Amino acid sequence: QGCMAQISVPKKFEKQFCGLLSQGSAYIISNVAAIDIRSKSYVYRHQNYMLQFKQDTKVDLLHSRGADIPTLSLDFCPFYQLPQKAIDSKPLLDVIGVICDVGPYDYASQTSQHKFRKTKIRNLEEQTQELVLWGQHGESFDEETVLKKSQEGIVIAIFAGVTATLQRFTGMIQGSSSSATQIYLDLDIPKVQKYRTSYQWKCPTLQKHLPQVKQVSPLEAACKLYTIEEISNLPASSFQGGATFSTTKHVAANFQFHAQCTNFPLH
């Protein structure tokens, strides 16, 4: 009937079960546990319970049955509701919009080993929402195809399984990819077809952006000037090996540093 239940595989059973499951296939899954989701993070909030694999759970692939089961279950979150979803439990959300900007796959900061890609989508009210695609999701995003398709018309993207994050310094809401994220471009479903015919704005002009962050080592980074805000955003690896940061002015203010920053001395 198109209803969805979320099933989790505990990490200790990952090797036992993940090789048995593939997206788009149909299974009979028996002997699972029901878990209250109120204490869980990164879950779809469509029900009060989720299912969870146990050591003796059975997974049987269906070869001739299950063809009528819908392969997708999407519940789109309007942009204006995202601030309500930026909470500690990080519920998984589905968003849809017209791609209006595709950033490069670049380093998060000069000293970070983590890379991401920022994209922006626009809804039918011409409101814009930024999404950050971390790691594999940013790297595998088909930028060339999107740029090519945008020359012919709008490109409608679905980002399923993202979270909402409040940016501490800007106060803006970002969507962020999670391990559950799936990205669909111009998916052939009625919702996308209706979105395409309802979009009344000018087709966004997309262009290729080159990476702009030059990565440096923590030692090299110690030779440049930082603001307090920049220091607080550095990863923990920047403070390994005795890196120090010196102030050049007396600042008449009280600062509270997070626990991960307690290993670097300030002079």
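Counting restarts for each chain: residues are numbered from 1 in the order of the written sequence. Local features are withheld for residues below a pLDDT of 70 in this predicted model, meaning they are given only at 70 or higher, and side-chain atom pairs are given and counted only at 80 or more; totals for whole chains, interfaces and linings count all residues. By convention in this description, side-chain values take in all heavy atoms of the structure and omit both hydrogens and water.

A. Representation of the environment of leucine 166. Summarising the element assignment, leucine 166 is placed in strand β10 (residues 156-166). In sequence terms leucine 166 and glutamine 84 are 82 residues apart; their C-alpha atoms lie 10.0 Å from each other. What counts as a helix is a DSSP run of H or I of at least four residues, what counts as a strand is a run of E of at least two, and both are numbered from the N terminus.

B. Region of the structure containing unusual backbone geometry. In this model, tyrosine 42 sits at a positive phi of 55°, which is unusual for a non-glycine residue. The phi angle at lysine 90 is positive, at roughly 50°, despite the residue not being glycine. Residue position: lysine 90 is located in the loop between α2 (82-85) and β6 (93-102).

C. Local environment of the packing of aromatic side chains. Each pair of aromatic rings taken from Phe, Tyr and Trp, with Trp reduced to its six-membered ring, is defined by centres within 6.5 Å and is described as stacked if the planes are under 30 degrees apart, edge-to-face if over 60, and tilted in the remaining cases. For the structure on display, the rule yields 3 aromatic pairs. Arranged with centres 4.8 Å apart and planes meeting at 70°, the rings of phenylalanine 17 and phenylalanine 53 form a pair that is edge-to-face. In this pair, phenylalanine 17 sits in helix α1 (residues 14-17) while phenylalanine 53 sits in the loop between β4 (49-52) and β5 (58-61), placing the two residues 36 residues apart along the sequence. In terms of burial, phenylalanine 17 and phenylalanine 53 fall into one category: buried. An angle of 70° between the planes, with centres 4.9 Å apart, marks the rings of phenylalanine 116 and tryptophan 134 as edge-to-face. Here phenylalanine 116 is found in strand β8 (residues 115-122), whereas its partner tryptophan 134 is found in strand β9 (residues 128-134), with 18 residues between them in sequence. Linked through ring pairs, Phe13, Phe17 and Phe53 together constitute an aromatic cluster. Criterion for a charge above a ring: Arg CZ or Lys NZ at most 6 Å from the ring centre, at most 35 degrees from the ring normal. One residue, lysine 115, lies across the ring of tyrosine 107, its end atom 4.9 Å from the ring centre. Relative accessibility decides the category of a residue: with a 1.4 Å probe and only protein chains considered, values under 20% of the type maximum give buried, values over 50% give exposed, and everything between is partly exposed.

D. Looking closely at the sheet that holds strand β1 (residues 7-8). At least two DSSP bridges between two strands are required for those strands to pair. Judged by pairing direction, the sheet is mixed, and its 3 strands sit side by side in the order β1-β4-β3 without closing on themselves. Strand pairing shows two members of the sheet lacking a second neighbour, β1 and β3 (33-36), which therefore form its edges. Of the pairings in the sheet, the one linking β3 to β4 comprises 4 bridges and is antiparallel in character. Residue pairing for β4: alanine 33 is matched across the bridge by glutamine 52.

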